[in-house]
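# Breakdown of the fold
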Amino acid sequence: MIALVLLLVLAVLFLPSYIAQSVLRYYSRERDDFPGSGGELARHLLDRRGLKEVAVEITAAGDHYDPQDRAVRLSQQNYDGRSLTAVAVAAHEVGHALQHAEGYTPLKLRSSLVHAAQQAERIGAWVMVLLPVMALVTRSPGGIGVMLLVGVLSFGVSALVHLITLPVELDASYRRAMPILAMGYIAPQDQLAARRILTACAFTYVASALASVLNIWRWIALLRR
């Protein structure tokens, strides 16, 4: 029974990310019929929408949009690549830049919570490390209960960020990137595949959200003891 539960937990945590990465790899074959790379498409789309101040850069930290530096950052493969994955990912990240320019409320909320979540996760990790020591030193159920509550709240902030992130990603994929690509940037026969890629872009965050929820459940289970 325990082995089955463990397998289910591992599947929930790692399967969404594995499927997403598999989709992105599957459509990463170079295409001779694409007139430009992912980086060139991103630059073109930003310029067309009057966002010339938004940079397009190569990163080793994974494809993302940085609202603080106002930069669309693409992996080397997607920046230089002329694949369906490259252009779809580029359009997705441009979608975030469009959200930022529009003042899209969920994106602003996520951005304001990210720093708090990082700090909260660090606090939660330290609480987890110090909890056995405090239990031995104080032998106080009240003090241990407070520390457990702090742990629950710290991971709760992180889970909240991930829950807000998912609709932000879905909006960037379906409401922004897909309509852009369908306006003649990709052929009609590629649109279903592009939608799969954009779904993968959005759901790369699902595993992180599930991990945060699992952490909260673990802290609550400890607190109830």
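Above this note sits the structure.
Residues numbered from 1 in each chain as written. Predicted model: local features only at pLDDT ≥ 70, side-chain atom pairs only at ≥ 80, totals over all residues. Heavy atoms only, no water.

### Structural notes on the nonpolar core
- Grouped together as the largest cluster of nonpolar side chains are 34 residues, with contacts concentrated most on Leu46, Val54, Val72, Leu74, Leu84, Leu181 and Ile197.
- Of all the secondary-structure elements, those providing two or more residues to this core are α1 (2-26), α2 (38-48), β3 (71-74), α4 (84-102), α6 (141-181) and α7 (191-203).
- Ranked by the residues each element gives to this core, the list is headed by α4, at nine residues.
- Each residue touching Val72, except ones within four places of it in the same chain, is listed here: Leu46, Val54, Ala55, Val56, Glu57, His64, Tyr65, Glu93, Val94 and Ala97.
- With six residues, the next largest nonpolar core counts Tyr104, Leu107, Val161 and Val168 among its residues. (Core = buried A, V, L, I, M, F, W, Y, C linked by side-chain atoms within 4.5 Å. Buried < 20%, exposed > 50% of the residue type's maximum accessible area, 1.4 Å probe, protein only. Helix = DSSP H or I, 4+ residues; strand = E, 2+ residues; numbered from the N terminus. Contact = heavy atoms within 4.5 Å.)

### Describing the side chain of Glu169
- Structurally, Glu169 can be placed in helix α6.
- You can call Glu169 buried: its relative accessible area is 1%.
- Reaching out from Glu169, the side chain makes a polar contact with the side chain of Arg110 at a distance of 3.1 Å.
- Once residues lying within four places of it in the same chain are set aside, the contact partners of Glu169 are His92, His96, Arg110, Cys201, Ala202 and Tyr205. (Polar contact = N/O pair within 3.5 Å; in protein donor to acceptor, adjacent residues only side chain to side chain.)

### Here's the deal with α7
- With 13 residues, α7 extends 18 Å between its outermost C-alpha atoms, agreeing within 8% with the 18 Å of an ideal straight helix rising 1.5 Å per residue.
- Those residues of α7 not exposed but buried are Ala193, Ala194, Ile197, Leu198, Ala200, Cys201 and Ala202. (Expected span 1.5 Å × (residues − 1).)

### Details of the side chain of Arg31
- For Arg31, the location among the structural elements is in the loop between α1 and α2.
- Given a relative accessible area of 16%, Arg31 falls into the buried group.
- Setting aside its immediate chain neighbours within four residues, Arg31 contacts Arg82, Ser83, Leu84 and Asp190.

### Observations regarding the environment of Asp171
- Along the chain, Asp171 falls in helix α6.
- On the basis of relative accessibility, which here comes to 8%, the residue Asp171 falls in the buried class.
- Placed 65 residues apart in sequence, Asp171 and Pro106 show a C-alpha to C-alpha distance of 9.9 Å.
- Here Asp171 is in contact with Gln99, Tyr104 and Arg176, once residues within four sequence places are set aside.

### Description of the pattern of salt bridges
- Applying the stated criterion to the full structure yields 12 salt bridges.
- Asp190 serves as the salt-bridge partner of Arg31, at 2.7 Å between the closest nitrogen and oxygen. Highlighted residues: Arg31 in the loop between α1 and α2 and Asp190 in the loop between α6 and α7, separated in sequence by 159 residues. Across the pair, exposure class does not vary: Arg31 and Asp190 are buried alike. (Salt bridge = Lys/Arg side-chain N within 4 Å of Asp/Glu carboxyl O.)

### A look at the packing of α2 against α4
- For the pair α2 and α4, interaxial distance at closest approach is 8 Å and the crossing angle is 35°. Between α2 and α4 the crossing geometry is right-handed. Contacts from Gly38, Leu41, Ala42, Leu45 and Leu46 of α2 reach α4 at Ala86, Val87, Ala90, Ala91, Val94 and Ala97.
- The class makeup of the residues in the contact of α2 with α4 is 10 nonpolar, one polar and no charged. (Axes fitted to C-alpha atoms, helices over the stretch in contact; angles between N-to-C directions. Left-handed = near helix turned anticlockwise from the far one by under 90°. Nonpolar A, V, L, I, M, F, W, Y, C, P; charged D, E, K, R; others polar.)

### With respect to the environment of Ala200
- You can see Ala200 is positioned in helix α7.
- Assessed through its relative accessible area of 5%, Ala200 is described here as buried.
- Separated by 178 residues in the primary sequence, Ala200 and Ser22 have C-alpha atoms spaced 8.9 Å apart.
- Residue contacts for Ala200: discarding those within four places in its chain leaves Ala20, Val23 and Leu24.

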